[in-house]
Amino acid sequence: MSLKRRQFLILSGISCFGVIAVGSNLFARQTTQTSDTHSQTPEPTPSTDTQNDFTHPPLLRFVSIADTGTGAAGQYAVAKAMTAYYQQNPYELVIMAGDNIYNNGEIEKVEAVFEKPYQALLEKGVKFHACLGNHDIRTANGDPQVRYPGFNMQGRYYTFRRGSVQFWALDTNAKADWQRQLPWLEQELSRSDAPWKIVFGHHQIYSSGHYGLNQRFIETLTPLFQKYGVQLYINGHDHHYERTLPINGTTYLICGAGAGVRPVGRSPWTAHSASQLSFAAYEVYSDRILIRGIDTKGQIFDQGMI
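Everything in this summary refers to the structure shown in the same document. Nothing here was measured: the structure is a model prediction, and the numbers come from that model.

### What about the nonpolar core?
- Ranked by internal contacts, the top residues of the largest apolar core, which has 57 residues, are Phe62, Met82, Phe167 and Phe279.
- Element by element, the count of residues in this core is highest for helix 4 (residues 73–88), at six residues.
- Non-local contacts of Phe62, meaning those with residues more than four positions away in its chain, are made with Tyr91, Leu93, Ile95, Phe167, Ile198, Ile234, Ala280, Ala281, Tyr282 and Val284.
- Core analysis: the next-biggest nonpolar cluster, separate from the first, contains 22 residues, Trp168, Leu189, Val230 and Tyr252 among them.

Structure, rendered in structure tokens:
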């Protein structure tokens, strides 16, 4: 039995009876909605017809990207698709999950790798909220990016809220101040009354790509996610798209194909993976979050629901 398979089985923590009892109802409704935040039942991807049944506008729309800051053709292609999506589905927020400026986080490149590619969105007032990737801290430990107004960072780690959704941005780099950051995260999660809790950072936790499992974060971060009901973790670092099945109540979404791609496989926890330039789009409702993977042609290649 492979390490990935053992890890997934250990973490599942759900009885066969529970899978059968809950799973039949879920398959009958043809959704991937989870009513229990601690469920890890593999569930089907919803059909387009199911998603078009929504009669009310979402409470919040946002998109996420990562590993973007090249200023090359791939980044511009994704940015163009993000703009086209905005024209049909206006959103107010972009989560940038690190490696905002290649190769060494030089802030003098910010016009070429951020302001120009996303000019159309910035002019519409769309807010970008960034966190630091491993390339970003190569210059002055990333401090110039923290101070840059366009990234809307309130520190190396911070939290902000949009209606019913609260976001937590983490510094997931090895040299991060974990002695302060982890207690801060637990305190902020414990005091939050937001119905939807979303954490984002640069580094992966579950990945079927180059970097694979992050055992350190499985041991330190995922127990907090489970304890305080974090429904979604967004990251980059691996240059592909991957959405997991719910793992102890949390879906893990890699959106690191914002400028370039690497190969990706599948794991027992994978709901969908793809090695293609893309971004992720989210629609938040009172009882569900709809997730879409969208490529540079504007095609939806993955659909899932929390």
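### With respect to the side chain of Thr222
- When you line up the elements, Thr222 lands in helix 10 (residues 222–228).
- The class of Thr222 is buried, set by a relative accessible area of 12%.
- With near-sequence residues (within four places) excluded, Thr222 lies in contact with Ile205, Tyr206, Phe217 and Tyr252.

### Details of unusual backbone geometry
- Following Tyr102, the chain continues into Asn103 via a peptide bond in cis, with omega recorded as -5 degrees.
- With respect to the helices and strands, the residue Asn103 is situated in the loop between strand 2 (93–96) and helix 5 (110–115).

### Quick notes on the sheet that holds strand 5 (residues 165–169)
- Strand order in the open sheet formed by seven strands is 4-5-6-7-9-8-10, and the pairing between neighbours is mixed. In the strand order of this sheet, the two ends are held by strand 4 (158–162) and strand 10 (270–274), each with one partner. Mean inter-strand twist for the sheet, computed between neighbouring axes without regard to direction, equals 15 degrees.
- Pairing analysis gives five bridges linking strand 4 to strand 5, with the strands arranged antiparallel. Residue pairing in the sheet places Phe160 in a bridge with Phe167 of strand 5.
- Its contacts with the sheet put helix 8 (residues 178–191) on strand 4, strand 5 and strand 6 (196–200), and the angle it makes with strand 5 is roughly 175 degrees.

### Let's talk about the environment of Ile101
- Residue position: Ile101 is located in the loop between strand 2 and helix 5.
- Among the residues examined, Ile101 registers a relative accessible area of 0% and is labelled buried.
- Contacts of Ile101, omitting those with residues within four sequence positions, involve Gly69, Glu106, Ile107, Lys109, Val110, Val113, His135, Asp136, Gln145 and Phe151.

### As for the sheet that holds strand 13 (residues 300–305)
- Taken in spatial order, the six strands make up an open sheet running 3-2-1-11-12-13, and their pairing is mixed. Two strands lie at the open edges of the sheet, namely strand 3 (127–130) and strand 13, each paired on one side alone. Sheet twist, expressed as the average angle between the axes of neighbouring strands with direction ignored, equals 20 degrees.
- Its contacts with the sheet place helix 4 against strand 1 (60–65), strand 2, strand 11 (278–284) and strand 12 (289–295), and it is angled at close to 25 degrees to strand 11.

### Some details on the packing of aromatic side chains
- Taken as a whole and judged by the stated rule, the model has 21 aromatic pairs.
- Their ring planes at 10 degrees and their centres at 4.3 Å tell us that Phe62 and Tyr282 sit as a pair that is stacked. Of this pair, Phe62 sits in strand 1 while Tyr282 sits in strand 11, and the two are 220 residues apart along the sequence.
- The buried category is assigned to Tyr282, whose relative accessible area is 0%.
- Here Trp178 and Phe217 contribute two aromatic rings whose centre-to-centre distance is 5.5 Å and whose plane-to-plane angle is 55 degrees, an arrangement assigned as tilted. Residue Trp178 is found in helix 8, and its partner Phe217 is found in helix 9 (residues 215–220); the two are separated by 39 residues along the sequence.
- When its relative accessible area of 11% is taken as the criterion, Trp178 is described as buried.

Cut-offs used in this document
- Residues numbered from 1 in each chain as written.
- Predicted model: local features only at pLDDT ≥ 70, side-chain atom pairs only at ≥ 80, totals over all residues.
- Heavy atoms only, no water.
- Core = buried A, V, L, I, M, F, W, Y, C linked by side-chain atoms within 4.5 Å.
- Buried < 20%, exposed > 50% of the residue type's maximum accessible area, 1.4 Å probe, protein only.
- Helix = DSSP H or I, 4+ residues; strand = E, 2+ residues; numbered from the N terminus.
- Contact = heavy atoms within 4.5 Å.
- Pairing = 2+ DSSP bridges.
- Axes fitted to C-alpha atoms, helices over the stretch in contact; angles between N-to-C directions.
- Phe/Tyr/Trp six-rings, centres within 6.5 Å; stacked < 30°, edge-to-face > 60°.

The quantities given are spatial measurements derived from coordinates; they are silent on function.
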